[in-house]
Amino acid sequence: MKTLVIAEKPSVAQDIVRALTPVSGKFEKHDEHFENDQYVVTSAVGHLVEIQAPEAFDVKRGKWSFAHLPVIPPYFDLKPVDKTKTRLNAVVRQAKRKDVGALVNACDAGREGELIFRLIEQYAGGAKPLGKPVKRLWLQSMTPQAIRDGFDSLRSDKQMQGLADAARSRSEADWLVGINGTRAMTAFNSRDGGFFLTTVGRVQTPTLAVMVEREEQIRKFISRDYWEVHATFLAEAGEYPAKWFDPAWKKDPEDGEKRADRVWSEREALAIAQAVRGKAATVTEESKPTTQASPLLFDLTSLQREANGKFGFSAKTTLALAQSLYERHKALTYPRTDSRALPEDYLPVVKQTFGMLADSGLRHLAPFARTALDEGYIKPSKRIFDNSKVSDHFAIIPTLQAPSGLSEAEQKLYDLVVRRFMAVFFPSAEYLVTTRISQAVGHSFKTEGKVLVRPGWLAIYGKEAADEVADAKEGDKGQSLVPVKPGEMVRAEVVEPKGLKTRPPARYSEATLLGAMEGAGKLVDDDELREAMQEKGLGTPATRAAIIEGLLNEKYILREGRELIPTAKAFQLMTLLRGLGVEELSKPELTGEWEYKLAQMEHGQLSRDAFMREIAAMTEHIVKKAKEYDRDTVPGDYATLSTPCPNCGGVVKENYRRYSCTGADGASDGCGFSFGKTPAGRTFESTEVEQFLRDKKIGPLDGFRSKAGWPFTAEIVLKYNDEDKNWKLEFDFGDDRKAEETGELVDFGDAEPLGTCPKCGGRVFEHGSNYVCEKTVPTAAQPTPSCDFKSGKIILQQPVERAQMHKLLATGKTDLLDKFVSMRTRRPFKAFLAWDAEAGKVNFEFAPSKFPPRKTAAAKTVASGDRAALGKAVKTLKSAAKPVKKVAAKAATAKPAAKTPRKRAESTAAGLTPSEALAAVIGAEPVARTQVIKKLWDYIKANGLQDAANKRAINADAKLLAVFGKPQVTMFELAGIAGKHLS
């Protein structure tokens, strides 16, 4: 009987095969596995199976209500992950083989690796357990010897039961809290009608809470004026700058903005400057050497933070690039790691990697690799090699594979990892730090100089070394100081007060938010919980990018440049959680408590049943709080609008659900004017509300959802209702026929026309919710309409901007628009809007398929004269526009297509040489045409070159200008342009 080994990733399966070959014999490679006389080795690709509630215990989204909550199923079903069904089927086939008598779990050494294997094993067994004995391979190093040692000391299934219980419990607890919390908050917010999707989660919501708290601090921040006194002192050897400070100052726990060098009144600052200006001063100084070691090796979070700070890459982009360098190019080790150390047996591998780098084509880095080898820098160090700090995976480092054909973005990230990898072995940078105190007429001025004596690891960063100098600041740190002789008196030449203002805390960028998520345990008061979170934080390195993207997708946050800004929807969620008394969902203590108890479970100190009972009770508590809340509003910090009530001129104030008139005094019931804050599930931003009240219309806006949960786009208008004698909020979907029905004259006045009507040659204007010909509505010049050209500003949820209508009128067609949603299938689709002269209206025009029907096989079949085959062939030509008879006749006379050897065709396609201009962007190596477009897109995204107003347009930087030949192109021109630069 053979043993089936299941790894978590294909690359690990290959490593295992290489390690086992010398001791168990050569393996034969198959499509989805490797096999020899003793072992079958296959792999997952991460999670292949996920949990779900059984059909009998779950309800569909359209029926989300308190009547169906909480959902606490007695057990969980399994379902395949859609994207990896084929891989799952391949693994299950091997597990069910009759000649496979045992399994080895070789997934990553951690909780998630345990869960991945256990779910696959359960799924493979179906209704009854698979019934084959299981052993656990536990690896922290991937060297061949470490793998062989691991197989010599496999752990038993019983030894791993605690970890398996903790893994399942974490997964099921996240499901219970996320699903029930989301449905309960959605049901609460949808009580007044519509569908207001309000997602919550154990990691997502505390992360959002951190950002909302920071935004609240920014909004409430009141800037204060303060002054610094800057001086220039003249010594025999020259001048040096200094700044006044109070040597007796002590930190004020009540006021964090106070500093030793800040003066809080202009009068005092002027008095200091006048007292010191032109006076002699004594000088004392102290110089001491100091060192600065290189930062540690990268884990995923630190790599994402560094790439965001240096290149502006989002966490998602960095992960995708690192994954590509790992999977496609085999140039980096596994990126989804939370470890910044290497296994203790990895020193020989590191030396080999330095040898590869020294001999590589990386001219800017190879000399440093050679220096490290020649000078013996690569030696054991607990700071770098430490098994206790290696978790499921070790730090991200380059592999022994020298990469080629990298895109510019991939090259940037690879260089970042290589520099850090080399730097950690180089000596520390050495500085001489000088602190100089100049005293004149009782006032003290401080100057700090920091001189780089030996660059050490900073040499690897070259010109960037100045940025790596710790604490370097313009004006008083980081500069070389002119010498002052012992006992020399200096003179205060220039002394000036400088007026400044205190600043609010900075908004989070992805780099700083990732740091906050990683260090969330510091926010927890309980010592045990903080200890439990020390290694974990909020989320894991592998999930943090997805959490941030999820918050963006759900419109809880917006990305503006590098800043992440919480939306009104985020504030509303935090208000709701506080008001309902379920703030535990928004605090990192929940994660700390779970990690603490899961750790107990791993060590057999807490049962799985006990933990899951606690989770079920917590879930019921959350649902009950939302279900039983019976007050009209939720207490919170609400805004007062500056725009008055359109009905009576009173003050409009915000509450949890609505904006309402509160009368002229702002404290009464007002005139009854009000409208919901969240029409159709989309929450108004404060600026939008002000504009809406002022202009009585806004849009088109996206993000609305129908009662069934479908997204849609619309304008919103305020219309006066004669029956209620008040203004009401209404959606406007572009069916405005008011002028046509009433005969009211329309005055286009000074409005700017968009172009010429394709029907009658008149001018086309924006009018209400449509673009119309001036002759389709009654005007003073032509009271009776004579044309019927009209096109909506929103078509199937797709906003049609003025620029697009202008283009349609000028060229006959818009750009490719990508937000249409089919009324029948509810699926999004892409299309051009084009003038159809034959139909006399604007119609859809679809881009040609990237995958045209293959006609050669059909033609060959028909040429044999087989009528049955002819019918089958005709069916395959679904997109053919000609009648079947014509297709058959043409096919019958066609000659069989000559066979072209596939390998030869591929080698030809892979050998295209980029022009000099294109090579500056994607590299000079021969490349396949499809890879050219991918590399161009990597470059465009990495450098933020998509036009902010029109994502289908690409702005050229200096490199792309030489390729495009013009400052801007559309995405649809890329392939044609790239083709001209390939030979």
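## Some details on the overall build of the protein
Looking only at helices and strands, one finds 30 helices and 34 strands in the protein. Counting every position in the protein, which comprises 983 residues, the buried fraction comes to 48%. Considering only contacts in the protein between residues 6 or more positions apart, those separated by 24 or more positions represent 66%.

## A look at the sheet that holds strand E18 (residues 652–654)
Paired through their backbone hydrogen bonds, the strands of a sheet run either parallel or antiparallel. In space, the 3 strands of this open sheet follow the order E18-E19-E20, with antiparallel pairing throughout. What marks the edges here is a single partner per strand, and that holds for E18 and strand E20 (674–676). Going from strand to strand, the sheet's axes swing by 15° on average, the running direction of each strand aside. As paired elements, E18 and strand E19 (residues 658–661) share 3 bridges and run antiparallel to each other. The residue bridging valine 652 from the neighbouring strand is cysteine 661, located in E19.

## Considering the sheet that holds strand E26 (residues 770–773)
With antiparallel pairing, the 4 strands of this open sheet are ordered in space as E24-E25-E26-E27. Single-partner strands in this sheet number two, and they are strand E24 (755–756) and strand E27 (790–792). Taken together, the 3 bridges between E26 and E27 define a ladder with antiparallel strand orientation. Across the sheet, the residue bridging to tyrosine 771 is serine 791, located in E27.

## Remarks on the confidence of the model for the protein
Across the protein, the average pLDDT comes to 84, with 87% of residues at or above 70. Scored below 50 in pLDDT, residues 470–476 makes 11 contacts in the model with residues more than four places away or belonging to other chains. A low-confidence stretch, residues 738–742 stays under pLDDT 50, and its non-local contacts, those more than four residues away or across chains, total 8 contacts.

## With respect to the environment of glycine 150
The topology assignment puts glycine 150 in helix H4 (residues 144–152). A residue is classified by how much of its surface remains accessible, and glycine 150, at 8% relative accessible area, is buried. Residues within four places of glycine 150 in sequence aside, it is in contact with Leu137 and Leu139.

## Topic: the pattern of salt bridges
A side chain of one charge can pair with a side chain of the opposite charge if their charged atoms are brought near each other. Scanning the model with the defined rule gives 55 salt bridges in all. Between lysine 258 and aspartate 252 there is a salt bridge, and its shortest N-O distance comes to 3.6 Å. Taking relative accessible area as the criterion, aspartate 252 reaches 22% and is therefore assigned partly exposed. The salt bridge partner of glutamate 554 is lysine 569, with a shortest N-O separation of 3.8 Å. Taken together, the residues glutamate 554 in the loop between helix H16 (541–553) and strand E16 (557–560) and lysine 569 in helix H17 (residues 568–580) connect sequence positions 15 residues apart. Each of Lys2, Glu35, Arg97 and Asp99 takes part in salt bridges that share partners, so that together they form one network.

## Section: the nonpolar core
With 88 residues, the main nonpolar core has Met185, Leu208 and Phe611 as its most contacted residues. With 10 residues, helix H5 (residues 161–189) is the single largest residue contributor to this core. Residues in contact with methionine 185, not counting those within four places in the same chain, are Thr198, Val200, Leu576, Leu577, Leu580, Val582, Ile622 and Ala626. Among the nonpolar cores identified, the runner-up in size contains 52 residues, and Phe354, Leu357, Phe421 and Tyr431 belong to it.

## What to know about the side chain of glutamate 549
Looking at the secondary structure, you find glutamate 549 in helix H16. When neighbours within four sequence positions are excluded, glutamate 549 is seen to be in contact with Ser314, Lys316, Glu510 and Arg559.

## Focus on the pairing of strand E5 (residues 49–52)
What you see with E5 is a clean split: Val49 and Ile51 sit on the buried side and Glu50 and Gln52 on the side with no burial. Relative to strand E6 (residues 77–80), E5 runs antiparallel, the two being bridged by 4 bridges. By the bridge assignment, glutamine 52 is partnered in E6 with aspartate 77.

## Notes on the packing of helix H12 (residues 408–423) against helix H28 (residues 929–942)
Contact geometry of H12 with H28 gives a least axis separation of 7 Å together with a crossing angle of 65°. For the pair H12 and H28, contact is made by Glu408, Ala409 and Glu410 and by Lys934, Asp938, Tyr939 and Ala942, respectively. Partitioned by chemical class, the residues of the contact of H12 with H28 number 3 nonpolar, no polar and 4 charged.

## Focus: the packing of aromatic side chains
All chains considered together, the criterion is met by 32 aromatic pairs. Look at tryptophan 457 and tyrosine 461: their rings are 5.8 Å apart centre to centre, the planes differ by 90°, and that puts the pair in the edge-to-face class. Accessibility classification places tryptophan 457 together with tyrosine 461 in one group, the buried group. Note on phenylalanine 844 and phenylalanine 846: the rings are 6.3 Å apart at their centroids and 35° apart in plane angle, and the pair reads as tilted. The exposure class of phenylalanine 844 is partly exposed, given its relative accessible area of 34%.

## What about unusual backbone geometry?
Leucine 69 connects to proline 70 through a cis peptide bond whose omega is -5°. Within the secondary structure layout, proline 70 lies in the loop between E5 and E6. Of note, the phi angle at valine 441 is positive, near 40°, even though the residue is not glycine. Positionally, valine 441 belongs in the loop between strand E13 (429–440) and strand E14 (443–454). Positive phi, normally seen in glycine, also occurs at lysine 555, with a value near 65°. Mapped onto the secondary structure, lysine 555 falls in the loop between H16 and E16.

## Thoughts on helix H6 (residues 204–220)
Helix length check: H6 (17 residues) gives 25 Å between terminal C-alpha atoms against 24 Å at 1.5 Å per residue, within 8%. Counting buried positions along H6 gives 12 out of 17 residues, so the element sits mostly inside the fold. Where H6 is buried, its residues touch helix H14 (510–518), H16, E16, strand E17 (563–566) and H17.

## Topic: the environment of glutamate 236
Among the secondary structure elements, glutamate 236 is positioned in the loop between strand E10 (225–235) and strand E11 (238–245). In this structure glutamate 236 touches Lys485 and Glu488, once residues within four positions along its chain are discounted. Polar side-chain contacts of glutamate 236 include one of 3.0 Å to the side chain of lysine 485.

## A few points about a nonpolar patch on the surface
On the surface, a nonpolar cluster with roughly 210 Å² of combined accessible area is contributed by Leu432, Val451 and Val453. Residue valine 453 is classed as partly exposed on the basis of its relative accessible area of 49%.

## Topic: the state of the cysteines
Cysteine pairs can be covalently joined through their sulfur atoms, and such a bond is termed a disulfide. By the definition in use, this model includes 0 disulfides. The thiol sulfur of cysteine 648 is not disulfide-bonded, and the nearest other cysteine sulfur, from cysteine 661, lies at 3.5 Å.

## Some remarks on the environment of asparagine 655
Topologically, asparagine 655 is positioned in the loop between E18 and E19. With a relative accessible area of 26%, asparagine 655 lands in the partly exposed category. Along the sequence, asparagine 655 and aspartate 632 sit 23 residues apart, while their C-alpha atoms lie 9.6 Å from each other. There is a polar contact of 3.0 Å between the side chain of asparagine 655 and the backbone nitrogen of arginine 657.

## Re helix H19 (residues 608–628)
Compared with an ideal rise of 1.5 Å per residue, which puts 21 residues at 30 Å, H19 spans 30 Å between its outermost C-alpha atoms and is within 8% of the ideal. Within H19 the residues assigned to the buried category are Ala610, Phe611, Met612, Ile615, Ala616, Met618, Thr619, Ile622, Val623 and Ala626. In this structure, the buried residues of H19 make contact with H5, H17 and helix H18 (589–602).

Definitions and cut-offs
Residues numbered from 1 in each chain as written. Predicted model: local features only at pLDDT ≥ 70, side-chain atom pairs only at ≥ 80, totals over all residues. Heavy atoms only, no water. Helix = DSSP H or I, 4+ residues; strand = E, 2+ residues; numbered from the N terminus. Buried < 20%, exposed > 50% of the residue type's maximum accessible area, 1.4 Å probe, protein only. Contact = heavy atoms within 4.5 Å. Pairing = 2+ DSSP bridges. Axes fitted to C-alpha atoms, helices over the stretch in contact; angles between N-to-C directions. pLDDT = per-residue confidence, 0-100. Salt bridge = Lys/Arg side-chain N within 4 Å of Asp/Glu carboxyl O. Core = buried A, V, L, I, M, F, W, Y, C linked by side-chain atoms within 4.5 Å. Nonpolar A, V, L, I, M, F, W, Y, C, P; charged D, E, K, R; others polar. Phe/Tyr/Trp six-rings, centres within 6.5 Å; stacked < 30°, edge-to-face > 60°. Expected span 1.5 Å × (residues − 1). Polar contact = N/O pair within 3.5 Å; in protein donor to acceptor, adjacent residues only side chain to side chain. Patch = residues over 30% accessible without salt bridge, like charges linked within 9 Å, V, L, I, M, F, W, Y side chains within 5 Å. Areas by Shrake-Rupley, 256 points an atom, 1.4 Å probe, with all protein chains shown as cover. Disulfide = S-S within 2.5 Å.

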